[in-house]
Amino acid sequence: MRYTTQFLLSAMAPEQFPAPGTPEIAFLGRSNVGKSSLLNTIVGEKAAKVSSTPGRTRAINFFALLDEKQRRKLLLADLPGYGYAKISKSISAGWPAFIEPYLQIRSTLKLCICLVDSNIPPQESDLQLIDWLRAAGREIAVVATKIDRLSGNERTRNMLALRKGLELEEIIPISAKTGYGINKLWARIEAVSGAEE
Ligand code: GDP
């Protein structure tokens, strides 16, 4: 199924979030992890570019995927990149204050897609976020980005280190550059939201 994408809005406060109703998927990751590139492959370059325009990088940017009858099938929420703040008591340190409530109370949020970089060792800030989401009872899918940069041996080694360091049974390796793993990610999105690729 082909969707068209529509940029909905940038929210800087809970009262600006789109009215709940459509299943929603959130994308989270440290700055530079490859989130914009992944979103480009999912929502298209033009739509994804909106998220990086000045004034929107600290907002939650919402997109709608529309079916052929222009019905909203799925909402995507692009969250601000984190990780510049030093190791912190709360994952939200350095994040705008409305992010934590969003992750805690948003009723239509079905899946949090957490991006980690396959080229670097497990990061404390990623583990903090994943633990926080687990404690909040959120369903998560962790994807390891930029997998095309690694040789076969490095892939095996790095994926193992990430699984161990982040205490996960499954991490989906992906590449926005080659498209590797994107179908698998879609299958996960579909399973929780009822949307099809
Ligand atoms: P963001 O800050 O999380 O939005 O990260 P970007 O999507 O802007 O990517 C950061 C850098 O990583 C850019 O130089 C991208 O070209 C590069 N990058 C992102 N995804 C991939 C990928 O799948 N493969 C490779 N080789 N580079 C990538």
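This section reports on the structure supplied with the text. Not measured: the values here are computed from a predicted model.

### Some remarks on the overall build of the chain
For the chain, the count of helices and strands is six helices and seven strands. When its helices and strands are written in sequence order, the chain yields β-β-α-α-β-β-α-β-α-β-α-β-α. Computed over the C-alpha atoms, the radius of gyration of the chain is 16 Å, within 12% of the 16 Å expected from 2.2 N^0.38 for a compact globule of 197 residues. Principal axes of the C-alpha set define a box for the chain whose edges measure 45 × 40 × 30 Å. When the 197 residues of the chain are sorted by exposure, 49% land in the buried category. If you take every contact in the chain between residues at least 6 apart in sequence, the share linking residues at least 24 apart comes to 74%. Of the roughly 9,800 Å² of accessible surface on the chain, 49% is carried by carbon and sulfur atoms. Separation of charge centres in the chain, based on 26 positive and 20 negative side chains, amounts to 4 Å.

### Let's talk about the nonpolar core
Counting 33 residues, the largest nonpolar core has Leu28, Ile60, Leu79, Tyr102, Leu103 and Leu133 as the members making the most contacts within it. Only β2 (24-29), β3 (60-66), α3 (99-105), β5 (109-117), α4 (124-135), β6 (140-145) and α5 (152-165) provide two or more residues apiece to this core. Looking at which element gives the most residues to this core, the answer is α4, with five residues. Among all residues touching Leu103, those that are not within four sequence positions of it are Leu28, Leu79, Trp95, Leu109, Cys112, Trp132, Leu133 and Arg138. Judged by nonpolar contacts, the second largest core, of 25 residues, contains Ile25, Phe27, Ile113 and Leu115.

Criteria and thresholds
Per chain, residue numbering runs from 1 following the sequence as it is written. Under the rules for a predicted model, residues below a pLDDT of 70 receive no local features and side-chain atom pairs below 80 are neither given nor counted, while totals for whole chains, interfaces and linings still include all residues. As a convention, hydrogens and water are excluded, and side-chain values are obtained from all of the structure's heavy atoms. Only DSSP runs of H or I with at least four residues qualify as helices, and only runs of E with at least two residues qualify as strands; both kinds are numbered from the N terminus onward. The atom set for the radius of gyration is the C-alpha atoms, and the globule formula is 2.2 Å times the number of residues raised to the power 0.38. Accessibility here uses a 1.4 Å probe with only protein chains present; expressed as a share of the type maximum, an area under 20% marks a residue as buried, one over 50% as exposed, and anything in between as partly exposed. Contact between two residues is taken to exist if any of their heavy atoms lie within 4.5 Å; hydrogens are not considered. Here, Shrake-Rupley sampling with a 1.4 Å probe gives the accessible areas, and only protein chains in the shown set may cover a residue. Note on charges: Lys and Arg go in the positive column, Asp and Glu in the negative column, and His and the chain ends are not counted at all. A charge is said to be at NZ when it belongs to Lys, at CZ for Arg, at CG for Asp and at CD for Glu. Joining through side-chain atoms within 4.5 Å is the link that ties buried Ala, Val, Leu, Ile, Met, Phe, Trp, Tyr and Cys residues into a set, and such a set is a nonpolar core.

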